[in-house]
Amino acid sequence: MSLLDRVLGIPFVYNRVRPLLLGGIDLSPAYELLRASPRDVLLDVGCGTGDALNYVKAFERYVGFDTDARAIDFANKKWSRANVEFNCRLLDAADVRAIAPTCIALIGLLHHLTDDQAIELMKIVQASPTARSIVTLDVVYLPDAPLNNVLASLDRGRYCRQPRGYEWLAEEGGLTVDKSLTIPSAPGREHVRYFVMQLSPPRAH
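Remember, it's a predicted structure, so these values are computed and weren't measured experimentally.

Running from amino to carboxyl end, helix H6 (residues 115-126) crosses helix H8 (residues 163-172) at an angle of 50°, the nearest separation of the two axes being 8 Å. Comparing the axis directions of H6 and H8 gives the class oblique. Crossing hand, H6 versus H8: right-handed. Here Asp-115, Ala-118, Ile-119, Met-122 and Lys-123 of H6 lie close against H8, whose contacting residues are Trp-168, Leu-169, Ala-170 and Glu-172. Classifying every residue of the contact of H6 with H8 by side-chain character gives six nonpolar, no polar and three charged.

Here is the structure:
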(Lines give C-alpha, C1' and ligand atoms only; values in the text may rest on other atoms or scores of the structure.)
Protein backbone atom coordinates (compact mmCIF):
# COMPACT_ATOMS: atom_id res chain seq x y z
CA MET A 1 0.00 0.00 0.00
CA SER A 2 1.41 3.39 -0.99
CA LEU A 3 1.81 6.32 1.40
CA LEU A 4 -1.04 8.11 -0.41
CA ASP A 5 -3.32 5.10 0.07
CA ARG A 6 -2.48 4.94 3.78
CA VAL A 7 -3.15 8.65 4.27
CA LEU A 8 -6.43 8.61 2.35
CA GLY A 9 -7.50 5.59 4.38
CA ILE A 10 -7.37 7.54 7.66
CA PRO A 11 -11.02 8.17 8.63
CA PHE A 12 -10.47 11.88 9.41
CA VAL A 13 -8.75 12.45 6.07
CA TYR A 14 -11.42 10.50 4.18
CA ASN A 15 -14.36 12.18 5.89
CA ARG A 16 -13.10 15.75 6.31
CA VAL A 17 -10.02 16.50 4.19
CA ARG A 18 -11.01 14.68 0.98
CA PRO A 19 -14.27 16.65 0.55
CA LEU A 20 -12.32 19.90 0.93
CA LEU A 21 -9.85 18.86 -1.77
CA LEU A 22 -12.71 18.05 -4.17
CA GLY A 23 -14.65 21.20 -3.40
CA GLY A 24 -17.35 19.27 -1.54
CA ILE A 25 -18.98 15.86 -1.81
CA ASP A 26 -22.73 15.28 -1.96
CA LEU A 27 -23.77 11.72 -2.81
CA SER A 28 -27.46 12.22 -2.09
CA PRO A 29 -28.54 11.66 -5.75
CA ALA A 30 -27.17 8.11 -5.54
CA TYR A 31 -28.67 7.28 -2.17
CA GLU A 32 -32.05 8.66 -3.23
CA LEU A 33 -32.16 5.94 -5.90
CA LEU A 34 -32.25 3.31 -3.15
CA ARG A 35 -35.76 4.55 -2.24
CA ALA A 36 -35.26 3.37 1.34
CA SER A 37 -38.25 3.49 3.66
CA PRO A 38 -38.70 2.81 7.40
CA ARG A 39 -39.55 -0.81 6.53
CA ASP A 40 -36.37 -1.52 4.55
CA VAL A 41 -33.29 -3.53 5.47
CA LEU A 42 -30.24 -1.76 4.02
CA LEU A 43 -27.09 -3.73 3.19
CA ASP A 44 -24.08 -1.45 2.66
CA VAL A 45 -21.15 -3.31 1.05
CA GLY A 46 -17.88 -1.41 1.29
CA CYS A 47 -19.46 0.75 3.97
CA GLY A 48 -16.24 2.43 5.10
CA THR A 49 -16.94 4.80 7.98
CA GLY A 50 -20.70 4.48 7.60
CA ASP A 51 -21.08 7.50 5.33
CA ALA A 52 -24.40 6.11 4.04
CA LEU A 53 -25.97 7.00 7.37
CA ASN A 54 -25.37 10.68 6.61
CA TYR A 55 -27.76 10.29 3.69
CA VAL A 56 -30.22 7.47 4.45
CA LYS A 57 -32.36 8.28 7.46
CA ALA A 58 -35.25 5.85 7.04
CA PHE A 59 -34.67 2.12 7.47
CA GLU A 60 -35.65 -0.74 9.75
CA ARG A 61 -32.13 -2.19 9.90
CA TYR A 62 -28.72 -1.24 8.51
CA VAL A 63 -25.86 -3.73 8.07
CA GLY A 64 -22.46 -2.62 6.77
CA PHE A 65 -19.47 -4.67 5.58
CA ASP A 66 -15.92 -3.49 4.98
CA THR A 67 -12.44 -5.00 5.29
CA ASP A 68 -10.83 -1.78 6.58
CA ALA A 69 -10.50 -2.22 10.34
CA ARG A 70 -9.82 1.50 10.95
CA ALA A 71 -12.97 2.52 9.11
CA ILE A 72 -15.12 -0.05 10.89
CA ASP A 73 -13.76 0.98 14.29
CA PHE A 74 -14.62 4.60 13.50
CA ALA A 75 -18.09 3.62 12.27
CA ASN A 76 -18.88 1.58 15.38
CA LYS A 77 -17.95 4.52 17.61
CA LYS A 78 -19.90 7.11 15.61
CA TRP A 79 -23.03 5.20 14.67
CA SER A 80 -23.78 3.02 17.69
CA ARG A 81 -27.50 2.21 17.49
CA ALA A 82 -29.67 -0.83 18.14
CA ASN A 83 -30.59 -1.24 14.46
CA VAL A 84 -27.11 -0.50 13.02
CA GLU A 85 -24.41 -3.16 12.64
CA PHE A 86 -20.92 -3.13 11.12
CA ASN A 87 -18.83 -6.14 10.11
CA CYS A 88 -15.09 -6.08 9.40
CA ARG A 89 -14.88 -8.80 6.76
CA LEU A 90 -15.90 -9.75 3.25
CA LEU A 91 -19.57 -10.32 2.45
CA ASP A 92 -20.63 -13.80 1.34
CA ALA A 93 -23.80 -15.43 0.07
CA ALA A 94 -24.73 -16.76 3.50
CA ASP A 95 -24.70 -13.21 4.86
CA VAL A 96 -27.09 -12.03 2.16
CA ARG A 97 -29.50 -14.88 2.89
CA ALA A 98 -29.37 -14.20 6.64
CA ILE A 99 -29.76 -10.43 6.37
CA ALA A 100 -32.49 -10.56 3.68
CA PRO A 101 -31.82 -6.99 2.46
CA THR A 102 -34.38 -5.04 0.49
CA CYS A 103 -31.93 -2.26 -0.49
CA ILE A 104 -28.25 -2.81 -1.31
CA ALA A 105 -25.66 -0.02 -1.57
CA LEU A 106 -22.40 -0.63 -3.42
CA ILE A 107 -21.19 2.94 -3.09
CA GLY A 108 -17.55 3.66 -3.93
CA LEU A 109 -16.81 -0.06 -4.18
CA LEU A 110 -16.52 -1.44 -7.72
CA HIS A 111 -13.44 0.60 -8.63
CA HIS A 112 -11.61 -1.19 -5.82
CA LEU A 113 -12.39 -4.63 -7.30
CA THR A 114 -11.02 -6.59 -10.24
CA ASP A 115 -13.48 -7.70 -12.91
CA ASP A 116 -13.70 -11.19 -11.43
CA GLN A 117 -14.23 -9.88 -7.88
CA ALA A 118 -16.88 -7.40 -8.98
CA ILE A 119 -18.80 -9.95 -11.05
CA GLU A 120 -18.74 -12.44 -8.18
CA LEU A 121 -20.13 -9.77 -5.85
CA MET A 122 -22.88 -8.97 -8.36
CA LYS A 123 -23.84 -12.64 -8.49
CA ILE A 124 -24.02 -12.77 -4.71
CA VAL A 125 -26.31 -9.75 -4.36
CA GLN A 126 -28.52 -10.54 -7.36
CA ALA A 127 -29.32 -13.94 -5.84
CA SER A 128 -30.95 -12.27 -2.83
CA PRO A 129 -34.66 -13.23 -2.79
CA THR A 130 -35.63 -9.97 -1.10
CA ALA A 131 -33.57 -7.25 -2.83
CA ARG A 132 -35.58 -4.76 -4.87
CA SER A 133 -33.10 -1.90 -5.18
CA ILE A 134 -29.32 -2.01 -5.80
CA VAL A 135 -27.29 1.17 -6.36
CA THR A 136 -23.62 1.66 -7.22
CA LEU A 137 -21.42 4.76 -7.39
CA ASP A 138 -17.81 4.95 -8.55
CA VAL A 139 -15.10 7.24 -9.83
CA VAL A 140 -15.12 7.10 -13.63
CA TYR A 141 -13.03 7.91 -16.68
CA LEU A 142 -14.93 10.21 -19.03
CA PRO A 143 -14.11 11.64 -22.47
CA ASP A 144 -13.11 15.31 -22.50
CA ALA A 145 -12.82 15.44 -18.71
CA PRO A 146 -9.06 15.70 -18.07
CA LEU A 147 -9.18 16.93 -14.46
CA ASN A 148 -11.77 14.35 -13.49
CA ASN A 149 -9.65 11.62 -15.10
CA VAL A 150 -6.46 12.71 -13.34
CA LEU A 151 -8.21 12.67 -9.97
CA ALA A 152 -9.76 9.28 -10.77
CA SER A 153 -6.30 7.89 -11.53
CA LEU A 154 -5.12 9.06 -8.08
CA ASP A 155 -7.97 7.33 -6.25
CA ARG A 156 -7.14 4.50 -3.85
CA GLY A 157 -9.20 2.21 -6.08
CA ARG A 158 -7.02 0.79 -8.84
CA TYR A 159 -9.82 -0.36 -11.15
CA CYS A 160 -11.49 2.82 -12.32
CA ARG A 161 -13.42 2.19 -15.53
CA GLN A 162 -15.38 3.98 -18.22
CA PRO A 163 -19.19 3.91 -17.89
CA ARG A 164 -19.65 0.94 -20.19
CA GLY A 165 -17.12 -1.03 -18.17
CA TYR A 166 -19.23 -0.69 -15.02
CA GLU A 167 -22.43 -1.59 -16.86
CA TRP A 168 -20.74 -4.70 -18.25
CA LEU A 169 -19.85 -5.85 -14.72
CA ALA A 170 -23.48 -5.60 -13.64
CA GLU A 171 -24.74 -7.46 -16.69
CA GLU A 172 -22.14 -10.21 -16.33
CA GLY A 173 -23.25 -10.59 -12.72
CA GLY A 174 -26.85 -11.16 -13.76
CA LEU A 175 -28.25 -7.73 -12.92
CA THR A 176 -30.31 -5.39 -15.08
CA VAL A 177 -29.14 -1.80 -15.44
CA ASP A 178 -32.36 0.19 -14.99
CA LYS A 179 -30.65 3.58 -14.96
CA SER A 180 -27.11 4.89 -15.31
CA LEU A 181 -25.92 8.47 -15.04
CA THR A 182 -23.02 10.67 -14.03
CA ILE A 183 -23.39 13.11 -11.16
CA PRO A 184 -21.09 15.92 -9.98
CA SER A 185 -19.21 15.41 -6.73
CA ALA A 186 -21.35 18.25 -5.36
CA PRO A 187 -23.78 20.78 -6.86
CA GLY A 188 -21.85 23.08 -9.20
CA ARG A 189 -18.69 20.93 -9.06
CA GLU A 190 -18.77 19.53 -12.59
CA HIS A 191 -14.98 19.03 -12.74
CA VAL A 192 -15.30 15.85 -10.65
CA ARG A 193 -17.99 13.34 -11.51
CA TYR A 194 -19.18 9.94 -10.33
CA PHE A 195 -20.89 7.18 -12.29
CA VAL A 196 -24.09 5.82 -10.74
CA MET A 197 -26.11 2.74 -11.64
CA GLN A 198 -29.54 1.71 -10.40
CA LEU A 199 -29.78 -2.06 -10.77
CA SER A 200 -32.39 -4.74 -10.27
CA PRO A 201 -32.28 -8.54 -10.09
CA PRO A 202 -33.61 -10.40 -13.14
CA ARG A 203 -36.76 -11.67 -11.45
CA ALA A 204 -38.06 -8.07 -11.29
CA HIS A 205 -38.55 -8.07 -15.10
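Glancing now at the state of the cysteines. The tally for this structure, following the rule as stated, stands at zero disulfides. Between Cys-47, a cysteine without a disulfide, and Cys-88, which holds the nearest cysteine sulfur, the sulfur-to-sulfur distance is 8.8 Å.

Another aspect to go through is the sheet that holds strand E5 (residues 133-139). The strands making up a sheet associate through backbone hydrogen bonding, with each pair oriented either parallel or antiparallel. Within the open sheet, the seven strands sit side by side as E3-E2-E1-E4-E5-E7-E6. Their pairing is mixed. Strand pairing shows two members of the sheet lacking a second neighbour, strand E3 (84-87) and strand E6 (176-184), which therefore form its edges. Direction aside, the axes of adjacent strands within the sheet are offset by 15° on average. Note that strand E1 (residues 41-45) and strand E4 (residues 103-107) share three bridges and pair parallel. Residue pairing in the sheet places Leu-43 in a bridge with Ile-104 of E4.

Rules used throughout
Residues numbered from 1 in each chain as written. Predicted model: local features only at pLDDT ≥ 70, side-chain atom pairs only at ≥ 80, totals over all residues. Heavy atoms only, no water. Axes fitted to C-alpha atoms, helices over the stretch in contact; angles between N-to-C directions. Helix = DSSP H or I, 4+ residues; strand = E, 2+ residues; numbered from the N terminus. Parallel < 35°, antiparallel > 145°, perpendicular 65-115°, else oblique. Left-handed = near helix turned anticlockwise from the far one by under 90°. Contact = heavy atoms within 4.5 Å. Nonpolar A, V, L, I, M, F, W, Y, C, P; charged D, E, K, R; others polar. Disulfide = S-S within 2.5 Å. Pairing = 2+ DSSP bridges.

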